[in-house]
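# Architecture at a glance
Each chain, letter by letter, is given below.
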Amino acid sequence: MDRYMDTKINIKQILEGSIMNVAILLIVVLLIVIICTCVKIVPQAHAYVVERLGAYKDTWSVGLHFKVPFLDRVSRRVNLKEQVADFEPQPVITRDNVTMQIDTIIFYQITDPKLYAYGVENPIVAIKNLTATTLRNIVGDLELDETLTSRETINARMRTELDVATDPWGIKVNRVELKNIIPPRDIQEAMEKQMRAEREKREQILRAEGEKKSAVLIAEGKKEAAILNAEADNRAAVLKADAEKQKKILEAEGEAAAILKVQQANADGIRAIKEAGADQSVLTIKSLEAFTAAADGQATKIIIPSDIQGLAGSIKAITEVIKD
């Protein structure tokens, strides 16, 4: 019986020890979980808004942070990067009562996480409604043509007004772009017809300018060809005249050379007769030969000296005696 009681007491002690160990283990695990949840690491380009007992306490920037368990909590995680909001088309009426659809793109950035967390309930919806209202106010002061041609002006005005309006919310509007401006269908068709007419007009102008330029180039080409032909004819005439002149010069030089040779031959013959000691009768015969040659030429009238005439008569008489 005593042994039974001792065994029962030992089992009870073992169970109590096991329960204590499990409780201690659970407490340790719970402490580890609490510590882990109290350690926060804020990533780059982010910020955490921290509240203590429901009231704003601090804004954590990039790095390692610790919060008090059960008292502090991270109420909002804020992205500090530049963000884009693409809003669907909004109906807008111009000053000349034309209704068109315009969709916008907003590039914004959160600069104050505290104001962003507590300034407005839903910042994106607020920006959307503010954008639509601002767009209607700006386009309502413009006519259709001005709206279609003043994108940059509308973008600048919207950016300025939205930036001022969103500043209390901790938001900075960096850029606003009108993505599409969609006028009514009938106006689109009229614009397409106008654009088509302008393209055809431009095409006709370009064609006329091309034909005019082509005609000018053709005229210049003909003029240049005429000038070249005239220069070629002039050059040919000059070359022909030079050839004729050169031919005449060569012929004159040839005739002069022939006359010089004949004169030289006569002079050599006379010199040879004199060197041979010919008497007066030989010279007279040579003279007769010269006149005979002259008589065979083209001369129609020849004058013969008297002494040669007498000699010729004597020769004729002697010849007749010999013949008898």
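These numbers come from a predicted model, not from an experiment.

### Some points on empty space enclosed by the protein
Enumeration over the complete set of coordinates arrives at 1 cavity of 30 Å³ or more. Of the volumes computed, that of the largest cavity is approximately 50 Å³. Phe87, Glu88, Gln90, Ile102, Asp103, Thr104, Lys128, Thr131, Ala132 and Leu135 are the residues that line the largest cavity. Sorting the residues of the lining of the largest cavity by element identifies strand S8 (99–110) and helix H3 (123–139) as the ones contributing at least two each.

### A word on the side chain of Gln90
By the secondary structure assignment, Gln90 is in strand S7 (residues 90–93). On the basis of relative accessible area, Gln90 is assigned to the buried category, the value being 16%. In contact with Gln90, not counting residues within four places along its chain, are Met100, Gln101, Ile102, Lys128, Ala132 and Arg136.

### Focus: H3
Its 17 residues give H3 an end-to-end C-alpha distance of 24 Å, which sits within 8% of 24 Å, the value for a rise of 1.5 Å per residue. Listed in full, the buried residues belonging to H3 are Pro123, Ala126, Ile127, Thr131, Ala132, Thr134, Leu135, Ile138 and Val139. Of the surrounding elements, those touching the buried residues of H3 are S7, S8, helix H2 (113–118), helix H4 (144–149), helix H5 (151–166) and strand S9 (171–182).

What counts and how
- Residues numbered from 1 in each chain as written.
- Predicted model: local features only at pLDDT ≥ 70, side-chain atom pairs only at ≥ 80, totals over all residues.
- Heavy atoms only, no water.
- 1 Å grid on protein atoms, 1.4 Å probe; cavity = no way out; pocket = protein on both sides within 12 Å on 5 of 7 lines; lining within 4 Å.
- Points joined across faces, edges and corners; volume = space filled by probe spheres on them.
- Helix = DSSP H or I, 4+ residues; strand = E, 2+ residues; numbered from the N terminus.
- Buried < 20%, exposed > 50% of the residue type's maximum accessible area, 1.4 Å probe, protein only.
- Contact = heavy atoms within 4.5 Å.
- Expected span 1.5 Å × (residues − 1).

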